[in-house]
Every structure is written in C-alpha cells, then in structure tokens.
Amino acid sequence: MLLMVEKGTVRRYGQQLDACVVYDNFDYHEGVKHQLISTHGEMRSVTTGKVFRGVDIPPGGLKKSMLHREVPLTIHDLLCSPGAACYDEVSAKIDTFFIVEAIRTAYPDPVKAAFSRSDVFYPCMPAVELLEPRITDSKTLGPILFNEGTLDGAYEVTENIYKHQFRNDDKEFDNRLFLAYGDQKTSSLIRSMQREQVEASSAYDRRDWLIGVAALFHLRMNYLWLMQRTHYGNMEQQDASTLYHHINFWGRKRIPSGRAAFQVLEELVLHSFDARVVGLFYTRLEQRGIDVSDQAEVGAAIQAMGPSEFMNIVEDIRSSAFSVQAWLPSKEKRFNNTVDEEFLSHTRYLQQMIVYKTLKYGIKNGDIGLIDRVIGVCCFYFEGTKQSNYAFEMLYLKRLTSTKACDKELRRAILSNSLVNPHGQQNTWQEVDRSLEYLDLELKRELWARRTSTFGLDALFKVTSLTAEYTVRLRKAIEKAFAQRVNSKHTTPSPADDIHTLAFELACDSIKLYEEGRKGQHQAPDIHSIGLERVATTKLKAFNAKVVVDENQILVPPYETMRITADLDPNDDIMAVLVRMFYLYSGSKLN
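Definitions and cut-offs
- Residues numbered from 1 in each chain as written.
- Predicted model: local features only at pLDDT ≥ 70, side-chain atom pairs only at ≥ 80, totals over all residues.
- Heavy atoms only, no water.
- Disulfide = S-S within 2.5 Å.
- Core = buried A, V, L, I, M, F, W, Y, C linked by side-chain atoms within 4.5 Å.
- Buried < 20%, exposed > 50% of the residue type's maximum accessible area, 1.4 Å probe, protein only.
- Helix = DSSP H or I, 4+ residues; strand = E, 2+ residues; numbered from the N terminus.
- Contact = heavy atoms within 4.5 Å.
- pLDDT = per-residue confidence, 0-100.
- Salt bridge = Lys/Arg side-chain N within 4 Å of Asp/Glu carboxyl O.
- Polar contact = N/O pair within 3.5 Å; in protein donor to acceptor, adjacent residues only side chain to side chain.
- 1 Å grid on protein atoms, 1.4 Å probe; cavity = no way out; pocket = protein on both sides within 12 Å on 5 of 7 lines; lining within 4 Å.
- Points joined across faces, edges and corners; volume = space filled by probe spheres on them.

Visitor: Could you give an account of the state of the cysteines, naming the residues involved and the relevant values?
Guide: Summed over the entire model, instances satisfying the criterion amount to 0 disulfides. There is no disulfide at C86, and the cysteine sulfur nearest it, in C80, is 7.5 Å away.

Dropping the structure here:
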C-alpha cells in the first residue's frame, strides 16, 4: 500500500511545471550468495534519483524558447566574466575575508577580542546573488535498474523517469524544458543522446527538452583532485610548499598521491591553506620583534595591536601573495632569474584554494553569484591541468549562465536548483547531488544489514527505493522517542595546534620572499595561463563545434579571430596577452 502511495506521489511531483530531477549511478559489489564452484562477486551498476520542486521557475514552466542553441561561447564571454580573468573589488574582499578567517582559526579568541573593542568591523564575505531560504521538497524516484553511465543506459534511464514514473504526455515535450542534474558523465551523455537524435521526428525522441547540468558536489571533488595534482610533490620534491611535506609533517595517513578520499583530502588542503596564511602573518610579526614560536605571545600581540593595525597586516599579506603579480612574476624577474620559485608555489596554492573556498562558501550560504564567479576560472584551471572532461563541462555551464544562450529566467533556474536546503536556514544549503549521495548511503546500509541469498540489489530497489526517505525519518522518530539519548554528532578537534606548528616552520624560511630569487625542487605550474592559451586557441572552437546546434549561425567578430588568436604566441608573456585581451573587450585603455 505504501509503495502505491509513493508511486502516485512521484508521478504527481514529476508532472508539476517546476519539477527538477537529479540522478546518478549506484555501484555495488554484489558478493557470492551461495557456495558454488567458480562463482565470483559481480559489480552492479543501477541508478538512484530524486525529483524535487524547483524554484525560480516561471509559472508556465521552462520553455525551449528560453534556450538559444545557436549562440556560441566566445573568449570575450570568458574574459569579461567576473572572477575569471580580472581581479576586481569583489575578489579583493573575498581574499581579505579568507585571510582573516585563516588567522581566526588559529587564534579565535584574540581576533574576536581585538574587533570587539573597536568601531572597525570584522571583514565579511561579499554577497553577490543570495537565494531566499527555503525547505526543498523532494521525493525519491522508484527503482531504475539501468546503468546511467553508458549511452544505452542513459536512454533507458530517461525513458524510465519521464515516461514510466512521471507518465508525461508526448505533448509535454514539444515546448517545455526539463532540468536534470548529475555528474559530468550524466551531462555529457545527455548531449550525446541529443546529437544522435537530432533528426528524430518525435520531440520526445530528440531529447532537446532536457538540459543536463554537472552538479556542484562532483565539481568540488574534482577541484580537490586538481589541487592534489598540482601541489602534491613526491619523495624527490619535498619542498615545504608541497602537500607531500605537510602530510608527513602532520603524520596524516591514508592520503594517496592520486584521488584521495574526499573528506581527508579536503581537511588537508584547508588546513594547509590556513597554515600558509598564518605563516605569512608570522613573518610580519617577526619584523615587529614578536616571538612567533609562543602562541600566547602571538595572541597577546593580536589583541594589543588593535583591528586597524591588524587589517594593515592583512592587506600587506593580500597584496604580496594574492595579487596577479604574485601569481605571475614579471618578465624582467624571469629573465634575470630572480624569481623565488618556492614562494611562487605558495602563492599559487593560496590563490587556487581561494577558488575552492569561495565555491564551498557560496554553496553553504546559497550565493549563486559567488558560484558563477568560480565557474569561469575553473574553465581555465581544469584545462590547464588537462582535466579535459571537466574543462568542457565548465565551458558548457558558463555558456548557460553567462551568455545570451539562456534567457535570464533559465539562467537563474539552472543555478538556483543546483542547490537544495533540507532545513530552510540561510547557511544550510547543500549541493543537489550531495543530497543524493546521502540516499545512496542509506541504501548501502540497508544492503549491508538485510542482504541474504534471496534479498539482493534487485529486491532492495524494488522494495525500498521509493520508501527509503520515509523509513529513515520513521527510524529516527522511533529512536528519538524510545532509544537512549546519545549525542551522535561528530566532534571535530581544533586544528589550531597543527596550523601553528606548520606555520612556524614555514615562517622560518619557506614562505619568506627572497627578492634575489630562490630555486625550488617543486614548481607549481601556471595552470591559469596554460588553460587560457589552450581554451583560446583550440578548446573553444572544438567546444562550439560540439555544442552549438547550427555551426553556420556562429557569427565570430573579425577582431576575435584576427587579434585574439594571433596574439597568443607561445613565446609571448601570457599574462600580458591576457591583460591586452581584457582591455580590448572592456573598452578601457591601458595606463
């Protein structure tokens, strides 16, 4: 009876004009059920999903007329995108906020006391485009026993969701648009289906009513792997600027050099960021004669200097390590071999981490404007590290959110519905695909607890996929009413001591700037300039050829083809080229 009720609810939700969907693979290794000769376990891949009531969707729903598939993405769109290529006032405020937050992590009470006795306000994160708090209303989809990670499986999954579970009429696909969120492969396979079926006579078969969007939790995971790829180091490259050095310094285990677990890798890179910022802070305090090996003396110094002097030090740190010049030293320095390579690796790490911290903050606080700023620079970063799949996906998302390919209603809907809010508070937003990961965790727990020779993956999906959320809520209610009250919240130990010890070591030598230059064993690559060059010269043309429906309608201005690509000489100063290109499009003049 409960299954029938849930099926009807899913159908009702799916037929709403504001319905959105998220789905992803559910991989499970199904072991041997019976003791049989030559029988081995099997890796099963099925699909889990949710339908939820979207927001910022017009009363009549999203329409195909809001999507202009003939509009290409140009280098002008990328260079003029806030946060992607130019350092603006918002960028400075973001850097200042995270510098102060890093110092406050190591010295929470002194920083709080310093600002409490003054009219100087504690720096705040700029609010660009905040969402109104809301509780997301969602339902789990029924069993989808197909592998959405293959093209054939993607056809079956969309058929199962929109035709069998939602039971939409064929006429619904004539003019409407539907949003589907997932990982990079989900979005890519949706576009592959559309390319294959472009000449189909039926609107449903063409799949042009579906927009696949790579969701943000998978973006966060891939960005962490980008950080690991560019700053890990190895046994031969043990500079104090590498993550390899920090892992061994802190004695942290189970962090391999390739694609470490999300939670341990995120903790490592965030603590490493804080330690580097505090290390820069220590170098400034040493110049004032303060013993930075003594945490108590440092805390007393912070309170004694007051917020104005404290913010002057923060501004000095920002200008020396977070500026464009800090990322790419001048041609004169490179020509004279006076580049401090170890300090340069530190600054590039810090600036790359600002992007991740901005993304994380924007997600938690529902600021889609901050999220949009991150997408632009990710186009260059992923291409600069040869993560071509996600580079392509970021270009696709940037085209949807920053060009005339989408009307403003569609652009807002794509960004707004990439987040869900289970509690309705301003700081309780989370990625839509992360909410699906929690569902997968509950299903795997069910398999672990209930699996028998007759109750396997197929039975689990048929019996519990629709009712999983309901049974989880019911279990928690029963436990709250009858079980012994135990605080199950995980307590996170303070990282202040770890941050201080590493920051002190860095401040002794590694993170000091040597104006006469210094060689480093590990050199962090200039992924921004490398990615910009690749995008401008080859990637963007290939991207438009795949994504734009009618290539004959692509109107590229003559100055774009003649000047922009011609200026990208591999022997030229890439940052100088970037500045020239930006001012060319912005209409400003160089001083």
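Past the structure itself, the notes keep going.
Visitor: Explain the nonpolar core to me, and be specific about the residues and the numbers.
Guide: If you look at the biggest cluster of nonpolar residues, it comprises 140 residues, and the most contacted ones within it are F273, F281, Y282, F310 and L410. Among the elements that line this core, the one with the most residues is helix α11 (residues 262–286), at 13 residues. If sequence neighbours within four positions are ignored, F273 has contacts with F98, A102, F322, Y349, L350, M353, I354 and K357. With 25 residues, the next largest nonpolar core counts Y23, V51, I161 and A180 among its residues.

Visitor: Break down the confidence of the model for the chain for me, citing the residues and quoting the values.
Guide: Per-residue confidence for the chain gives a mean pLDDT of 87; residues scoring 70 or more make up 88%. Scored below 50 in pLDDT, residues 551–572 makes 31 contacts in the model with residues more than four places away or belonging to other chains. In this model residues 582–591 is a low-confidence stretch, pLDDT under 50, and it forms 15 contacts with partners more than four residues away in sequence or in other chains.

Visitor: Could you give an account of the pattern of salt bridges, with specific residues and numbers?
Guide: Going through the model one piece at a time under the given rule, you end up with 30 salt bridges. A salt bridge links E266 to R220, with the nearest nitrogen and oxygen atoms 2.5 Å apart. Here E266, found in helix α11, pairs with R220, found in helix α9 (residues 216–231); they are 46 residues apart in sequence, far enough to count as distant. The exposure class assigned to E266 is buried, which follows from its relative accessible area of 11%. K539 is the partner of E383 in a salt bridge, and the nearest nitrogen-oxygen pair spans 3.6 Å. Here E383, found in helix α16 (residues 368–384), pairs with K539, found in helix α23 (residues 527–547); they are 156 residues apart in sequence, far enough to count as distant. You can call K539 buried: its relative accessible area is 15%. Among the charged side chains, a salt-bridge network with shared partners connects D56, E129, D372, K398, R411 and R412.

Visitor: Mind laying out the environment of T47, listing which residues take part and the relevant values?
Guide: As for its placement among the helices and strands, T47 is situated in strand β2 (residues 42–53). Since its relative accessible area comes to 0%, T47 is described here as buried. In this structure the C-alpha to C-alpha distance between T47 and G142, which are 95 residues apart in sequence, comes to 9.7 Å. Here F146 takes part through its backbone oxygen, which lies 2.7 Å from a polar atom of the side chain of T47.

Visitor: If you had to explain the layout of surface pockets to someone new, which residues and values would you point to?
Guide: Quantified by volume, the largest pocket comes out at close to 1400 Å³. Around the largest pocket sit 35 residues that line it, and P422, H423, Q430, Y438 and K476 are the ones nearest its centre. At the level of secondary structure, the elements contributing two or more residues to the lining of the largest pocket comprise β2, β3 (138–140), α15 (341–364), β7 (430–431), α19 (432–450) and α21 (468–482). The greatest single-element share of the lining of the largest pocket, amounting to 8 residues, is contributed by α19.

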